[in-house]
Amino acid sequence: MKLFRLRLLTLILLGLIGLPSAVASAPQPPEVCESRILGNGQFRAYANPKPVSKHAFTTDGGRKINFSDLLDTRALLVNFWTTWCTPCMEEMPSMDRLQGRVSRDRLLILPLVRDGKGVSEAIRFYRTHEIRNLPVAADRFGKISHDHHIGPVPQTLFVDQQGLVKGILIGAVDWESKPVLELLNDCLNVEVDQQGSG
């Protein structure tokens, strides 16, 4: 019986000694925040996330706000759009509904209008299209757009709680669709109840 216990103990120890090498050689999981196609949109994940622009945006009250004032506990979706852009008009209602489902303390969706008239056109657009949950703001002189090399709109920056841009979504999407909600969770650690999403 003593010999049996000794052999069993030896096998257990050999198994434990071999375990770390097996664990160390196991493949590491890939980065969760990765590029993907989302319907008509394409998300490009950044291998080396960069800080969000230090330039301020303008609110409907004329106030200038820096992104650093909004971060810490919340992530940001910074959307660049115009009131005359058809894909922008198509995605705005689902973006508005998404903001209605998520606390602004966890995720703030910030559409920055790029129209020449700034916030006045955006206010008119919001009224016409019954946008109720999104703030009115503008990248008035295009400095933020320039910092992030924004081309044709819509384009949306995914900014984490530390102020790093994890990637950019180019094109319009259904912001309540399951793939987009999964992207929010994967890249910004913002979980949204997928009940009722398509």
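Each remark here, short or long, concerns the structure printed above.
Residues numbered from 1 in each chain as written. Predicted model: local features only at pLDDT ≥ 70, side-chain atom pairs only at ≥ 80, totals over all residues. Heavy atoms only, no water.

Take the sheet that holds strand 4 (residues 64-65) next. What the nine strands build is an open sheet, ordered 1-2-9-8-5-6-7-3-4; its pairing is mixed. Of all the strands in the sheet, just strand 1 (36-38) and strand 4 have a single pairing partner and so form its edges. Helix 2 (residues 86-101) contacts strand 5 (75-81) and strand 6 (107-113) of the sheet and is inclined by roughly 155 degrees relative to strand 6. (Pairing = 2+ DSSP bridges. Helix = DSSP H or I, 4+ residues; strand = E, 2+ residues; numbered from the N terminus. Contact = heavy atoms within 4.5 Å. Axes fitted to C-alpha atoms, helices over the stretch in contact; angles between N-to-C directions.)

What follows is about the state of the cysteines. Cysteine pairs can be covalently joined through their sulfur atoms, and such a bond is termed a disulfide. Evaluated as defined, the whole model comprises two disulfides. Paired through a disulfide, Cys33 and Cys187 show a sulfur-sulfur distance of 2.1 Å. Here Cys33 and Cys187 share a disulfide; its torsion about the S-S bond, 100 degrees, makes the bridge right-handed. Taken as a pair, Cys33 in the loop between helix 1 (2-25) and strand 1 and Cys187 in helix 5 (residues 178-188) lie far apart in primary sequence, 154 residues in all. In terms of burial, Cys33 and Cys187 fall into one category: buried. The disulfide bridge from Cys85 ends at Cys88, spanning 2.4 Å between sulfur atoms. The chirality of the disulfide connecting Cys85 with Cys88 is right-handed, given an S-S dihedral of about 80 degrees. (Disulfide = S-S within 2.5 Å. Buried < 20%, exposed > 50% of the residue type's maximum accessible area, 1.4 Å probe, protein only.)

A separate point is the layout of surface pockets. In this approach the atoms are scanned with a rolling probe the size of a water molecule, which exposes any empty space left behind. In this structure, the largest pocket occupies an estimated 160 Å³ of space. Forming the boundary of the largest pocket are Leu38, Gly39, Asn40, Glu90, Glu91, Ser94, Ala172, Val173, Asp174, Ser177, Pro179 and Val180. Residue assignment for the lining of the largest pocket shows that the elements contributing at least two residues are helix 2 and helix 5. Examining the composition of the lining of the largest pocket, we find that three residues originate from one element, helix 2, more than from any other. (1 Å grid on protein atoms, 1.4 Å probe; cavity = no way out; pocket = protein on both sides within 12 Å on 5 of 7 lines; lining within 4 Å. Points joined across faces, edges and corners; volume = space filled by probe spheres on them.)

Further remarks concern helix 3 (residues 119-128). An α-helical segment advances 3.6 residues per turn. Residues three or four places apart therefore align on the same side. If you check which residues of helix 3 are buried, you get Val119, Glu121, Ala122, Phe125 and Tyr126. Angular distribution of buried residues about the axis of helix 3 spans 155 degrees; they occupy a single face of the element. Away from the buried face of helix 3 by more than 90 degrees, exposed residues Arg127 and Thr128 are located. Where helix 3 is buried, its residues contact strand 3 (57-59), strand 5, helix 2, strand 6 and strand 7 (137-138). At the C-terminal side of helix 3, Glu130 shows a positive phi close to 55 degrees. (Arc of directions from axis to C-beta.)

Inspection of the entire model under this criterion finds five salt bridges. Between Glu176 and Arg97 there is a salt bridge, and its shortest N-O distance comes to 2.7 Å. Note that Glu176 is positioned in the loop between strand 9 (164-170) and helix 5 and Arg97 in helix 2, a separation of 79 residues in sequence. The class for Arg97 is partly exposed, based on a relative accessible area of 43%. Taking the shortest distance from any N to any O, the salt bridge between Arg132 and Glu130 comes out at 3.8 Å. (Salt bridge = Lys/Arg side-chain N within 4 Å of Asp/Glu carboxyl O.)

One can expect most non-glycine residues to show negative phi and most peptide bonds to be in trans. With omega at 5 degrees, the peptide bond leading from Val153 into Pro154 counts as cis. Mapped onto the fold, Pro154 is located in the loop between helix 4 (143-147) and strand 8 (155-159). The phi angle at His149 is positive, at roughly 55 degrees, despite the residue not being glycine. As for its position among the elements, His149 is in the loop between helix 4 and strand 8. With a phi close to 60 degrees, Asn189 is a non-glycine residue in the positive phi region. Tracing the chain through its elements places Asn189 in the segment after helix 5. Classification of Asn189 by relative accessible area gives exposed; the value is 64%.

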